[in-house]
2 protein chains.
Amino acid sequence: MDLPTLTMGQYSLVFNVFSLTLATFLAATIFFWMQRGRVAPEYRTALTITGLVTFIAAYHYLQILFDWKAAFTLVDGAYVSSGTPFNDAYRYVDWLLTVPLLLIELLLVMRLSRGETVSKGWLLGGLAALMVLLGYPGEISDDPGTRWLWWSLSMIPFLIILYQLFIGLGDAIARQPESARGLVSMARYLTIAAWLFYPVVFIFPMIGLDGAGAETAVQVGYSIADIVAKAVFGLLIYTIAVRKSDAEAGQAA
Amino acid sequence: MDLPTLTMGQYSLVFNVFSLTLATFLAATIFFWMQRGRVAPEYRTALTITGLVTFIAAYHYLQILFDWKAAFTLVDGAYVSSGTPFNDAYRYVDWLLTVPLLLIELLLVMRLSRGETVSKGWLLGGLAALMVLLGYPGEISDDPGTRWLWWSLSMIPFLIILYQLFIGLGDAIARQPESARGLVSMARYLTIAAWLFYPVVFIFPMIGLDGAGAETAVQVGYSIADIVAKAVFGLLIYTIAVRKSDAEAGQAA
């Protein structure tokens, strides 16, 4: 896909949002890892993985930031394509690793039985990886028909994940302690709200949205969706782990 | 905004102050994180966040340092604009992340009830983010009228924060143990003294202060204000956490 010519404001907005996202993920990673001691040992694996998700995302945003800089040259006050392509695949590689982990951190903080954690983990993690893999052949195609085909295929695992989160895990959520139940339920809604952004953006070029404005909106939008889906979601996982640790310590005392 | 031509002394002064600020933030970050074990578990989250603030600032000063280098070329003994713009937005991105966190570290070290920490945290953090966001459209404008408009809008959340610090938190400060009360109160005054620097510097171009001398003063001034607001303020938070930990251990014994 050819890169459009951007105004200085558009180029800088995207660059600064990438930098903001990178700083946010670095800070979030350290926070989750450093605060592991704050929660009961049963929840520390959840925080390790929560920090891994933001760590992997920080790595990819560092690469994306460098790529964005290399992809444009300032000519007469406008940013034109430098000829070096902007590598969109970083996002897919990131999602392939982080999206299964996001579902696994939710399962871990819910503290199901070991058997249930393993079976739901493989099911949800596998579906998430499949969803990302099926989206990619569409992403790199310029043909609307091809894009719609892979978009539709990718939506199948997405819908099964939603079904699992809302029906398959319904019982397990009802069993959560009262102080955490609302937050666990909220984590599901946050997942949907943030994740819905990706298939919508995917459709943009199929309905004629392209050029400088669309490119700017897509990059800023992906960054915000990533912050919500990973760092804000992670804070929710952290808060659930703290509340459950405190509730269980209170019971024990 | 076009960069003025700087003397070698002006360019080097700014560069060296940036480097000093970066070294200070890196050292402060390591100090706050390494000393977490010195305070009672209840205060460790406050120190995690205190270190995150200086960490995020260190990231941005590293970028600012590189940007400053790229923005100038040495020609016949003077530093002239190289054509690569100097990205002022790093400061705003930094403040957007760190200013809410600064208020949250103050709340955490005060150790209010959970409900009060959450409600005051959202209120003060939200106001702080709004204050930074409202400043930015003015910062990137060259029109004095536009700058005054956004400056005035940004001052509204600033004044509400001051009101909250001095009236809203008055009771909570009176409830602090005697050995820490004076320091908690001082943290508020330090916040105001350092934060007042920013709206004053913002006005410089509106009252005709520009050119090489003003650019040098602004960059040096911002760096000093950042060191005071983040590292010196963080040391105060650390000292409060130590005093309160010791006072509470004394009561328990």
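For the structure, see preceding data.
The following paragraphs examine the structure supplied in this document. The written sequence of each chain sets the order in which its residues are numbered from 1. Lettering of chains starts at A and numbering of ligands starts at 1, both following the order in which they are written. Local features in this predicted model are restricted to residues whose pLDDT is 70 or higher, and side-chain atom pairs enter the listing and the counts only when it is 80 or higher, whereas totals over whole chains, interfaces and linings include all residues. By convention in this description, side-chain values take in all heavy atoms of the structure and omit both hydrogens and water.

## Describing the overall build of chain A
Definition in use: Only DSSP runs of H or I reaching four residues or more are called helices, and only runs of E reaching two or more are called strands; each is numbered from the N terminus. The size measure is the radius of gyration over C-alpha atoms, and the globule rule it meets is 2.2 Å times the number of residues to the 0.38 power. Note on exposure labels: buried denotes an accessible area under 20% of the residue type's maximum, exposed denotes more than 50%, and partly exposed covers the range between, all computed with a 1.4 Å probe on protein chains only. Pairs of residues are marked as contacts when any of their non-hydrogen atoms sit within 4.5 Å.
When helices and strands are counted, chain A shows 8 helices and 3 strands. Relative to its length of 253 residues, chain A is compact, with a C-alpha radius of gyration of 20 Å against a globular reference of 18 Å. Going through the 253 residues of chain A one by one, you find that 54% of them count as buried. Taking contacts inside chain A between residues at least 6 apart in sequence as the whole, the part at least 24 apart equals 80%.

## Section: the packing of helix H2 (residues 44-71) of chain B against helix H3 (residues 89-110) of chain B
The packing of two helices is summarised by the inter-axis angle and the distance between the axes. Residue and element names in this part refer to chain B. Note the following rule: Here an angle of 0 to 180 degrees is reported between the N-to-C directions of two axes, which are lines fitted to C-alpha atoms, with helices fitted over the stretch in contact. Angle categories are assigned with fixed cut-offs, so that under 35 degrees is roughly parallel, over 145 is roughly antiparallel, 65 to 115 is roughly perpendicular, and the rest are oblique. By definition, any crossing whose near helix is turned counterclockwise from its far helix by less than a right angle is left-handed, and any crossing with a clockwise turn is right-handed. Here the term charged refers only to Asp, Glu, Lys and Arg, the term nonpolar to Ala, Val, Leu, Ile, Met, Phe, Trp, Tyr, Cys and Pro, and the term polar to all other amino acids, Gly among them.
At a closest axis distance of 9 Å, the pairing of H2 and H3 adopts a crossing angle of 165°. With respect to their mutual orientation, H2 and H3 come out roughly antiparallel. Crossing of H2 over H3 shows left-handed handedness. Of the residues in H3, those in contact with Thr 45, Ala 46, Ile 49, Thr 50, Val 53, Ile 56, Ala 57, His 60, Tyr 61, Gln 63, Ile 64 and Asp 67 of H2 are Tyr 90, Arg 91, Val 93, Asp 94, Leu 97, Thr 98, Leu 101, Leu 102, Ile 104, Glu 105, Leu 108 and Val 109. Here the contact of H2 with H3 is composed, by residue class, of 15 nonpolar, 5 polar and 4 charged.

## Details of the interface of chain A and chain B
For clarity, the threshold we go by: Summed over both partners, the accessible area lost on bringing two parts together, with a 1.4 Å probe, is the buried area. Any Lys or Arg side-chain nitrogen located within 4 Å of an Asp or Glu carboxyl oxygen qualifies as a salt bridge.
Listed per partner, the contact involves 22 residues of chain A and 21 residues of chain B. Buried area between chain A and chain B, both sides added, is near 1700 Å², and the carbon and sulfur share of it is 66%. The three residues of chain A that bury the most area against chain B are Asn 16, Leu 20 and Met 34 of chain A, which together make up 28% of that side's buried surface. The tally of links from chain A across to chain B stands at 1 salt bridge. Note that Arg 114 of chain B and Asp 246 of chain A form a salt bridge whose closest N and O atoms lie 3.2 Å from each other. Among the secondary structure elements, those contributing two or more residues to the side of chain A that touches chain B are helix H1 (8-34) and helix H8 (211-252) of chain A. With 13 residues, H1 of chain A is the single largest residue contributor to the side of chain A that touches chain B.

## Let's talk about the pattern of salt bridges
All names here are of chain B. Across all of its chains, the model carries 15 salt bridges over all chains by this definition. Between Asp 226 and Arg 91 there is a salt bridge, with the nearest N and O atoms lying 3.6 Å from each other. Here Asp 226, found in helix H8 (residues 211-252), pairs with Arg 91, found in helix H3; they are 135 residues apart in sequence, far enough to count as distant. With a relative accessible area of 5%, Arg 91 lands in the buried category.

## Remarks on the pairing of strand S3 (residues 78-81) of chain A
Residue and element names in this part refer to chain A. Defined as follows: Any two strands with at least two DSSP-identified bridges between them are counted as paired.
Note: strand S1 (residues 6-7) against S3, 2 bridges, orientation antiparallel. For Thr 7, the partnering residue across the bridge sits in S3 and is Ala 78. Note that strand S2 (residues 72-75) and S3 share 4 bridges and pair antiparallel. Note that in S3 the partner of Leu 74 across the bridge is Tyr 79. In this antiparallel pair of consecutive strands, S2 and S3, the connection spans 2 residues, and Asp 76 shows a positive phi of 50°.

## Here's the deal with the sheet that holds strand S2 (residues 72-75) of chain B
Residues and elements named next belong to chain B. Taken in spatial order, the 3 strands line up as S1-S3-S2 in an open sheet, and their pairing is antiparallel. Among the strands making up the open sheet, the edge pair consists of strand S1 (6-7) and S2. Across the sheet, H2 lies against S1, S2 and strand S3 (78-81), angled at about 40° from S2, the strand it touches most.

The analysis is restricted to geometry; functional conclusions fall outside its scope.
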